Amino acid sequence: MKQYLEKMLEAENLSKQEMKQAVLKGFSGQASDSELAAFLVALRSKGETAEEIAALVEVIREQSSFTFSPVSGVMDNCGTGGDGSHSFNISTTSAFVIAGAGVTVAKHGNRSISSSTGSADVLEALGVSLDFGTPQIEEILQENKIAFLYAPHMHQGLRRYMKVRRELRIPTIFNLIGPLTNPVQLDSQLVGIYRRDMLPMIAAVLYHLGRKRAVVVNGADHMDEASLAGENHLILMEKGEFIPFTIQPEELGLPSYENSKIKGGSARDNAEILLDVLRGKPGPYYDTVLLNAAIGLFANGAAATIQDGVQLARESLESGAALSKLEYLIQYSKPVTAGSSL
């Protein structure tokens, strides 16, 4: 590890192979906790490159506890967190809308880290099991077009890194990579990030990871989701081409709301908000999901434009298709949750 630390302390970037070798030392136990802490701090101080981030993600995926058969056309939609907005679970709610529109979604997520309630917290409150194995997840993706992959189960080898990260109490590269470490090989992805300056970097990482098409978004007031509060900044990555653009709600025929109107609460509170949206209750939560689901459908290529995506998302909600995806997961979970309570 010493050679990599010395190189970064001289403000030199690591090659992809060097980054992979350094990260693997943490997985194998060849590096001490203090060396891992120094590695994360030196990396942050130097500034991470797209190649280094992609190398870390590739190692994490290769070391995953779960291996999945290839799934054609699958996507994920997730934010990095860290924006401090305490919003409801926008990407989780939007994922059901995207799936209801016919796109397969492997929703990778965790419990709350920087937000009020993480995707795992709200889904557990709704009765969705976090304990599915590989065969079950593959069956759910095939039959329901949306499954939830609980990150700590997917990446059990990261425990030492997570321990060091908690002890450091400062942002590290791990604050950026959560949405990127999905063990399912994704064709497309929507990633929200609270740092506007990182949009080009994350778009480049997605290209390095083999995404055919992706959108990275930083919302109004620097949310890690698209927002109806004003101008949103986005980059479309398609086959290695990077196209920056902005959108505002009025361009899509959507109303404007301050971000204070979409605050969430406890897991139970956010579960009720999610259900209200999927049942068609109008208001700021519903419209915010329309926007984010529309961008997800555009990122996947199911919608030619974000405006087309708004219409597809609205149809998914109004037809009940989005709600049916959640109901399937809840019903499928009952034997698992019943067994775990014995």
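Quick caveat, the model's predicted, so the values are computed rather than measured.

Asks: Give a description of empty space enclosed by the protein that names residues and reports values.
Replies: Applying the stated rule across the entire model yields two cavities of 30 Å³ or more. Estimated volume of the largest cavity: approximately 50 Å³. Along its surface, the largest cavity is lined by Asn 77, Cys 78, Ser 91, Ser 94, Leu 190, Gly 192, Val 217, Glu 225 and Asn 292. Those elements that provide at least two residues to the lining of the largest cavity are strand 1 (75–79), helix 5 (90–100) and strand 4 (188–192). Within the lining of the largest cavity, the residues separate by chemical class into three nonpolar, five polar and one charged. Considering only enclosed or pocket space, the second largest cavity measures out at about 40 Å³ in volume. Lining the second largest cavity, in full, are Thr 92, Ala 95, Phe 96, Lys 107, Leu 123, Ile 146, Phe 148 and Leu 329. Looking at the lining of the second largest cavity, the elements that each hand over two or more residues are helix 5 and strand 3 (146–150). Broken down by element, the lining of the second largest cavity gets its largest block of residues, three residues, from helix 5. Looking at the lining of the second largest cavity residue by residue, the class counts come to six nonpolar, one polar and one charged.

Asks: Which residues make up the packing of aromatic side chains, and what are the values?
Replies: Enumeration over the complete set of coordinates arrives at eight aromatic pairs. Summarising the aromatic geometry, the rings of Tyr 328 and Tyr 332 are spaced 5.9 Å apart at their centres and angled 25° between planes, so their arrangement reads as stacked. Of this pair, Tyr 328 and Tyr 332 both sit in helix 15 (residues 321–340), four residues apart, which is roughly one turn of the helix. Of the residues examined, Tyr 328 reaches a relative accessible area of 27% and is grouped as partly exposed. Pairwise contacts between aromatic rings join Phe 27, Tyr 161 and Phe 174 into one cluster. The ring of Phe 298 carries Arg 213 above its face, with NZ or CZ at 4.7 Å from the centroid.

Asks: Give me the layout of surface pockets: which residues, what numbers.
Replies: In this approach the atoms are scanned with a rolling probe the size of a water molecule, which exposes any empty space left behind. Within this model, the second largest pocket holds a volume of roughly 180 Å³. If you trace the second largest pocket, you find it lined by Arg 44, Gly 47, Glu 48, Pro 171, Thr 172, Asn 175, Leu 176, Tyr 194, Arg 195 and Met 198. Per-class residue counts for the lining of the second largest pocket are four nonpolar, three polar and three charged.

Asks: Account for the side chain of Ser 87, naming residues and giving values.
Replies: Tracing the chain through its elements places Ser 87 in the loop between strand 1 and helix 5. Judged by its relative accessible area of 13%, Ser 87 is buried. Other than its neighbours up to four places away in sequence, Ser 87 contacts Met 223, Ile 262, Lys 263, Gly 264 and Asn 270.

Asks: Give a description of helix 13 (residues 284–300) that names residues and reports values.
Replies: For helix 13, built from 17 residues, the straight-helix expectation of 24 Å at 1.5 Å per residue is met to within 8% by its first-to-last C-alpha distance of 24 Å. Within helix 13, 14 of the 17 residues are buried, which leaves the element mostly enclosed by the surrounding structure. Gly 301 lies just past helix 13 and shows a positive phi near 95°.

What counts, and where the lines are drawn
All chains use their own residue numbering, which begins from 1 and follows the written sequence. In keeping with the model being predicted, local features are shown solely for residues with a pLDDT of at least 70 and side-chain atom pairs are shown and tallied solely at 80 or more, while totals for entire chains, interfaces and linings include all residues. Based on all heavy atoms of the structure, the side-chain values leave hydrogens and waters out of the count. A 1.4 Å probe that fits but cannot get out identifies a cavity on a 1 Å grid over protein atoms alone, an open set with protein on both sides within 12 Å along at least five of seven lines counts as a pocket, and a residue lines either if it has an atom within 4 Å of a point. Grid points are joined across faces, edges and corners, and a volume is the space filled by probe spheres set on the points. Segments assigned H or I by DSSP are reported as helices when at least four residues long, segments assigned E as strands when at least two residues long, and all are numbered from the N terminus. In this count, Pro and Cys sit with the nonpolar residues alongside Ala, Val, Leu, Ile, Met, Phe, Trp and Tyr, while Asp, Glu, Lys and Arg are called charged and the others, Gly among them, polar. Within 6.5 Å between ring centres, the rings of Phe, Tyr and Trp (the latter by its six-membered ring) count as paired, and their orientation is classed by plane angle as stacked under 30 degrees, edge-to-face over 60, tilted in between. Buried means the residue's accessible area, taken with a 1.4 Å probe over protein chains only, is under 20% of the maximum for its type, while exposed means over 50%, and partly exposed covers the values in between. Counted as over-ring charges are cases with an Arg CZ or a Lys NZ within 6 Å of the ring centre that also lie within 35 degrees of the ring normal. Every residue pair with non-hydrogen atoms within 4.5 Å of one another is taken to be in contact. One fewer than the residue count of a helix, multiplied by 1.5 Å, yields its expected span.

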